[in-house]
Amino acid sequence: MKLLTTSQQLLVLLASFLVPAPTRGDDVNHVESIIEWIREKGGFFNPNIEIRRVDRADPTSRYGMFANGNLVHKEKLFEIPRKCLVTDSSDDFDEEEEEEEEDSALSCQTARNLIEEMRESDASARTPFVNYLLAEPWSHLPSSWSVEGKKTLGNMLKKYTKNPLPPHSFDMWIDHYWREVCEGSTDPFEENAALIVVQRSWDDVLIPVYDMLSHRNGKYLNTEDANVHHLTKPIKVRASRAIEAGEEIYTSYNMCKDCGNRHETYGTPQIFSDYGFVEQYPQRWILGPAVFDINEAEGGGLEVDADEYTPKNIEYMQGVQSGMKEAAEALKTVDIPKNEMASILLYNEALIKASTLFLEAALDPTLGDEL
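This section reports on the structure supplied with the text. (Residues numbered from 1 in each chain as written. Predicted model: local features only at pLDDT ≥ 70, side-chain atom pairs only at ≥ 80, totals over all residues. Heavy atoms only, no water.)

1. Let's talk about the sheet that holds strand β1 (residues 44-45)
Taken together, 4 strands build an open sheet; the order of strands is β1-β4-β9-β8 and the sheet is antiparallel. Every other strand in the sheet has two partners, leaving β1 and β8 (223-226) as the edge strands with one partner each. Looking at chain direction, strand β4 (residues 76-80) and strand β9 (residues 235-239) are connected through 4 bridges and run antiparallel. Residue pairing for β9: Ile-80 is matched across the bridge by Ile-235. (Pairing = 2+ DSSP bridges. Helix = DSSP H or I, 4+ residues; strand = E, 2+ residues; numbered from the N terminus.)

2. What to know about the side chain of Glu-279
Note on placement: Glu-279 falls in the loop between α9 (268-275) and β11 (283-287). Despite being buried, Glu-279 has no salt bridge partner; Arg-216 is the closest side chain of opposite charge, sitting 7.9 Å away. In this structure the side chain of Glu-279 is engaged in a polar contact, spanning 2.7 Å, whose partner is the side chain of His-215. Only 2.5 Å separates the side chain of Glu-279 from the side chain of Thr-268, close enough to count as a polar contact. (Buried < 20%, exposed > 50% of the residue type's maximum accessible area, 1.4 Å probe, protein only. Lys, Arg positive; Asp, Glu negative; His and termini not counted. Salt bridge = Lys/Arg side-chain N within 4 Å of Asp/Glu carboxyl O. Polar contact = N/O pair within 3.5 Å; in protein donor to acceptor, adjacent residues only side chain to side chain.)

3. Details of the packing of aromatic side chains
Counted under the stated rule, the structure contains 12 aromatic pairs. Both rings, one in Trp-173 and one in Tyr-177, keep their centres 5.2 Å apart while their planes meet at 40°; by these two values the pair is tilted. Here the residue Trp-173 and the residue Tyr-177 both occupy positions in helix α7 (residues 172-181), the gap between them amounting to 4 residues, near one helical turn. Trp-173 gets classed as buried once you look at its relative accessible area, which sits at 10%. Classification of Tyr-177 by relative accessible area gives buried; the value is 18%. The rings of Phe-78, Trp-202 and Tyr-210 are connected pair by pair, giving a single aromatic cluster. Lying across the ring of Phe-66, Arg-52 places its NZ or CZ 3.8 Å from the centre. Above the ring of Phe-44, the side-chain terminus of Lys-76 is found at 5.0 Å from the ring centroid. (Phe/Tyr/Trp six-rings, centres within 6.5 Å; stacked < 30°, edge-to-face > 60°. Lys NZ or Arg CZ within 6 Å of the ring centre and 35° of its normal.)

4. Digging into the sheet that holds strand β13 (residues 302-306)
Sheets are built from strands paired through backbone hydrogen bonds, the pairs being either parallel or antiparallel. Pairing is antiparallel in the open sheet, where 3 strands are placed in the order β11-β12-β13. The open sheet has two edge strands, β11 and β13, and neither has a second partner. Between one strand axis and the next, the sheet turns by 25° as a mean value, whatever way the strands run. Pairing of β11 with strand β12 (residues 290-296), which is carried by 5 bridges, proceeds in the antiparallel orientation. Looking at β12, one finds that Leu-287 is bridged to Ala-290. Against the sheet, helix α11 (residues 338-362) touches β11, β12 and β13, its axis set at about 75° to β13. (Axes fitted to C-alpha atoms, helices over the stretch in contact; angles between N-to-C directions. Contact = heavy atoms within 4.5 Å.)

5. Focus on helix α10 (residues 311-331)
An α-helical turn contains 3.6 residues, so any two residues separated by three or four positions project in the same direction. Its 21 residues give α10 an end-to-end C-alpha distance of 30 Å, which sits within 8% of 30 Å, the value for a rise of 1.5 Å per residue. Here α10 has its buried residues at Asn-313, Ile-314, Tyr-316, Met-317, Val-320, Gln-321, Gly-323, Met-324, Ala-327, Ala-328 and Leu-331. Residues of α10 that are buried sit in contact with α6 (147-159), β11, β12 and α11. (Expected span 1.5 Å × (residues − 1).)

6. Quick word on the state of the cysteines
Here the structure, examined in full by the defined rule, presents 1 disulfide. What pairs with Cys-108 in a disulfide is Cys-182, and their sulfur atoms sit 2.0 Å apart. Because the torsion about its S-S bond is -75°, the bridge between Cys-108 and Cys-182 counts as left-handed. Linking Cys-108 in helix α4 (residues 108-120) with Cys-182 in the loop between α7 and α8 (188-200), this pair joins segments that are 74 residues apart in sequence. An identical accessibility class is assigned to Cys-108 and Cys-182; each is buried. (Disulfide = S-S within 2.5 Å.)

7. Notes on the environment of Lys-332
Considering the arrangement of structural elements, one finds Lys-332 in the loop between α10 and α11. The class of Lys-332 is partly exposed, set by a relative accessible area of 33%. Taking C-alpha positions, Lys-332 is 9.9 Å from Leu-345, a pair spaced 13 residues apart along the chain. A polar contact is formed between the side chain of Lys-332 and the side chain of Glu-329, at a distance of 3.0 Å.

8. Points about unusual backbone geometry
Of note, the amide linkage connecting Pro-166 to Pro-167 takes the cis form, showing an omega dihedral of 5°. Within the chain, Lys-74 stands out as a residue other than glycine whose phi angle is a positive 75°. Locating Lys-74 in the fold gives a position in the loop between β3 (63-67) and β4. Its identity as a non-glycine residue notwithstanding, Glu-183 has a phi of 55°, on the positive side.

9. A short note on the side chain of Thr-251
In this fold, Thr-251 is placed in strand β10 (residues 248-251). Discounting chain neighbours no more than four positions away, the residues touching Thr-251 are Tyr-210, Leu-213, Ser-214, His-215, Arg-216, Leu-221 and Thr-223.

10. Details of the pattern of salt bridges
Per the counting criterion, the structure on display carries 18 salt bridges. For Arg-126, the salt bridge goes to Glu-117, with nearest N and O atoms at 2.5 Å. Judged by relative accessible area, Glu-117 falls into the buried class, the value being 11%. One salt-bridge network, held together by shared partners, links Arg-53, Glu-136, Arg-200 and Asp-211.

Dropping the structure here:
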């Protein structure tokens, strides 16, 4: 197949394959239905924000939340009653099951509950949210890829460098957590529901509306939440700073206030594995002995902020750079589904870019004795 050479081309190719599953008509405005339902249940949705496709002309582009008016610091954006959530609560969930699944990264019972809700569809107590999920594209996480696609990504991460590159367990969500730990079925519908929980939940909780916020860190992050894990209080999301009209509203998957120490172990590779995309800048990389961020510089371009530069991590990143360049050449002859190849090429390109920027910064002669 022809090798695409730019991130923009790769994103266009990837998006072209993420079409909605044929379970709901595209003429239904699921966003309006969800917002009306949230308000009917006693929730709140700020009139100065809107949820829409990022590309208004493309019904397959992702949803995003945008300010259509200026929002002040601490202004409430939305409030979701707990009765609207999909959680792990179950009358049949006994202590033996809880202990067995305690160490699962996937909330098995939340996945089971979501499957039940999605099968009930219009009979569900959460019909607007469920119908929105049914109309969305099926999961494109690496864990859901073809056998050859997963093999190709695994080869790229293991074959071309001295030590395997992250993400190390990208293929475990279905094969291990869902089928083995949760004892889930091989029904594609149920596997997709399990991956919805992986992508959209806050631990064991699915939160309508909040799950439509996209991830981005740095100056773009502009929200904070409260009560996500409270047993009775509604989830409240506020502006963490002033937000101007037209800005997209973002959350963070690793730099939020209640993310704990996740930023120390969870970055661009893990987001690729668990959410299916290469995050926009700023990026957080934890690659062997090299830990660094790539930020947008004030004057334009990109800059690296590393914990330290040492002979060890410089050698490691040189191996990443050369290995991923070699892998890029090898990928030209691989025949796998095009959407899977587009994702692999995007991640390969991100690894080459990250290693190149790290090495340029590390070998900057102005650093002097810092090495």
